[in-house]
Every structure is written in structure tokens, then in C-alpha cells.
Amino acid sequence: MKAFGLVGWSGSGCTDLLIRLIRYYRLRNLLVSTVKLASVRDDEGVISMESRRLRGAGCEQAVFLRPGEWHSADEDFSHTDALAALLRKMTPVDLVLIEGLKEITQPKLLLVHPKLHHQLENTQLLATACPNVVGLVAEEPTAGLNALDLPVLKAADTGKIAAFICRTCLVPVKAEVFALPGQHAR
């Protein structure tokens, strides 16, 4: 299965983008599942609520990782499962979006929220410390972000972000998938 990550500081908008991407792909008949990092503070109620949000957006399977544990509505995964093994156990889909796992080797986008000053100061460090960061998502490109020599995608442009992810992961889709309803892609 193809997999792609979304990472960023807390409050950067990863979960909101994840929901938007799931809806976008589902409207275009692509099947998407998620693996999401859960905080050690998140109890089962929080995980259940997040799972309902993801499934409501069209997610096929939502798996949550809490340090030391895997949680899924479908199956319990032991803490010894590596992400690759977990992906093999999941229901086959077109794309798995992985949120919050900075250390994974899969390609990922780093989200930056301009109102969180510590993010802007530490984005370069995070971008170089995380393996395989292939692009940035921000409200507006800035000189500091442009200095990282990575593509900067506008946070509000879900379609361009979705297309970037599919190109990066080589998800086979027809050009029409990314056309607006009633239009033909060129």
C-alpha cells in the first residue's frame, strides 16, 4: 500500500488537513485509511471521537498509535509491530495517510502555522530532523520557509496538496480525479 505522512507541531492543522484530504479523495473514489499518533493523555473516549470523525469523512480504517500500543476498531496491534507490518495487516486501500509520526521513512509534508512562533523558529530543525520531508504546507510562503528548498503548498488548497501526495506516492489515478466536478482535467 502507498503511505504518506503529515507532521507538524501541535496546533499546526494536521488533523484538519487529514479530514479534508480524506473527503477530497473519497469524492474522487479513492479509498483512504489512516494511522494517527494519539497522545498519552488521550483516553479511549478521545480516540473513539477521533475515529468517528475520520470515518465520517470517509476513512476506511483508522488506527491509532499511543506510545507502546496500537489501537484499531478492527484489531488490536501489539507494540512490537513495526509500521510496515501494521500496513500489511490493514485493509488494502489506495492510500494510507499517517499523521504525527515524525520518524517514519515514508514521504511526508511538514505543516507550519504562522501564528505559532515556536513553529517558525524550529521548522528548519524539524524539516531536517524528520526523514523524507518532501514539502511544506503553510498559509503563505515566507523567506524562512523558502530557504528550506522544499515546495511550499498553500494550506487552503486541498486539491493541490492531494495531487502532490498522489504524485509523490505514485498513486495511480486518472487526471479526471483531480478535476473539479463538471470540468475535465488537462
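Since the structure is predicted, the reported quantities are computational estimates derived from the model, not experimental observations.

Draft legend 1. Seen up close, the pairing of strand S1 (residues 3–8). Along S1, six of the six residues are buried, which leaves the element largely enclosed by surrounding structure. Residues Ala3, Gly5 and Val7 line one face of S1 and the alternating positions Phe4, Leu6 and Gly8 line the opposite face, and both faces are buried. In terms of strand pairing, S1 meets strand S5 (residues 95–99) through four bridges, oriented parallel. Within S5, the position partnered with Gly5 by the bridge is Ile98. Sheet analysis places S1 next to strand S6 (residues 108–112), joined by four bridges and oriented parallel. Counted as the bridge partner of Gly8 is Leu111 from S6.

Draft legend 2. Geometry of the layout of surface pockets. Here the second largest pocket defines a volume of roughly 150 Å³. Along the wall of the second largest pocket there are 14 residues; nearest its centre are Ser12, Gly13, Leu111, Glu139 and Ala155. At the level of elements, helix H1 (14–27), S6 and strand S7 (133–138) are the ones that each hand at least two residues to the lining of the second largest pocket. Looking at which element gives the most residues to the lining of the second largest pocket, the answer is H1, with three residues. Tallied by class, the residues present in the lining of the second largest pocket amount to seven nonpolar, four polar and three charged.

Draft legend 3. The pairing of S6, seen in detail. Buried residues dominate S6, accounting for five of its five residues. Residues of S6 alternate between two faces, with Lys108, Leu110 and Val112 on one and Leu109 and Leu111 on the opposite face, all of them buried. Examined bridge by bridge, S6 and S7 share five bridges and lie parallel to one another. Residue pairing for S7: Leu109 is matched across the bridge by Gly135.

Draft legend 4. Inspection of the nonpolar core at higher detail. Judged by nonpolar contacts, the single largest core of 33 residues is most densely connected at Phe4, Leu6, Leu21, Tyr25, Leu97, Leu109 and Ile165. For this core, the secondary structure elements donating two or more residues are S1, H1, helix H2 (44–57), strand S3 (62–66), S5, S6 and helix H6 (158–169). Sort the elements by how many residues they give to this core and H1 lands first, with eight residues. Apart from the residues lying within four places of it in its own chain, the contact partners of Phe4 are Leu95, Val96, Leu97, Ile98, Pro107, Lys108, Leu109, Val134, Phe164, Ile165, Thr168 and Cys169. Grouped together as the second largest cluster of nonpolar side chains are 13 residues, Ala3, Val35, Leu65 and Val93 included.

Draft legend 5. Fine view of the packing of aromatic side chains. Considering all chains together, one arrives at one aromatic pair under this definition. Measuring from centroid to centroid gives 6.4 Å for Tyr24 and Tyr25, while their planes differ by 80 degrees, and the two rings are edge-to-face. For the pair Tyr24 and Tyr25, a shared accessibility class is recorded, and that class is buried. Seen from the ring of Tyr24, Arg28 lies directly overhead, with NZ or CZ sitting 3.6 Å from the centre.

Draft legend 6. The arrangement of the pattern of salt bridges in detail. Taken as a whole and judged by the stated rule, the model has five salt bridges. With its nearest N and O atoms 3.8 Å apart, the salt bridge here joins Glu50 to Lys36. Of this pair, Glu50 sits in helix H2 while Lys36 is found in strand S2 (residues 32–37), placing the two residues 14 residues apart along the sequence. Residue classification places Lys36 among the buried residues on the basis of a relative accessible area of 8%. A salt bridge links Arg53 to Glu50, with the nearest nitrogen and oxygen atoms 3.3 Å apart. Pair noted here: Arg53 and Glu50 are both in helix H2, with a separation of three residues, about one helical turn. For Glu50, a relative accessible area of 12% translates into the label buried. One continuous salt-bridge network, built from bridges that share partners, spans Asp16, Lys36, Glu50, Arg53 and Glu99.

Reading guide: rules and limits
- Residues numbered from 1 in each chain as written.
- Predicted model: local features only at pLDDT ≥ 70, side-chain atom pairs only at ≥ 80, totals over all residues.
- Heavy atoms only, no water.
- Buried < 20%, exposed > 50% of the residue type's maximum accessible area, 1.4 Å probe, protein only.
- Helix = DSSP H or I, 4+ residues; strand = E, 2+ residues; numbered from the N terminus.
- Pairing = 2+ DSSP bridges.
- 1 Å grid on protein atoms, 1.4 Å probe; cavity = no way out; pocket = protein on both sides within 12 Å on 5 of 7 lines; lining within 4 Å.
- Points joined across faces, edges and corners; volume = space filled by probe spheres on them.
- Nonpolar A, V, L, I, M, F, W, Y, C, P; charged D, E, K, R; others polar.
- Core = buried A, V, L, I, M, F, W, Y, C linked by side-chain atoms within 4.5 Å.
- Contact = heavy atoms within 4.5 Å.
- Phe/Tyr/Trp six-rings, centres within 6.5 Å; stacked < 30°, edge-to-face > 60°.
- Lys NZ or Arg CZ within 6 Å of the ring centre and 35° of its normal.
- Salt bridge = Lys/Arg side-chain N within 4 Å of Asp/Glu carboxyl O.

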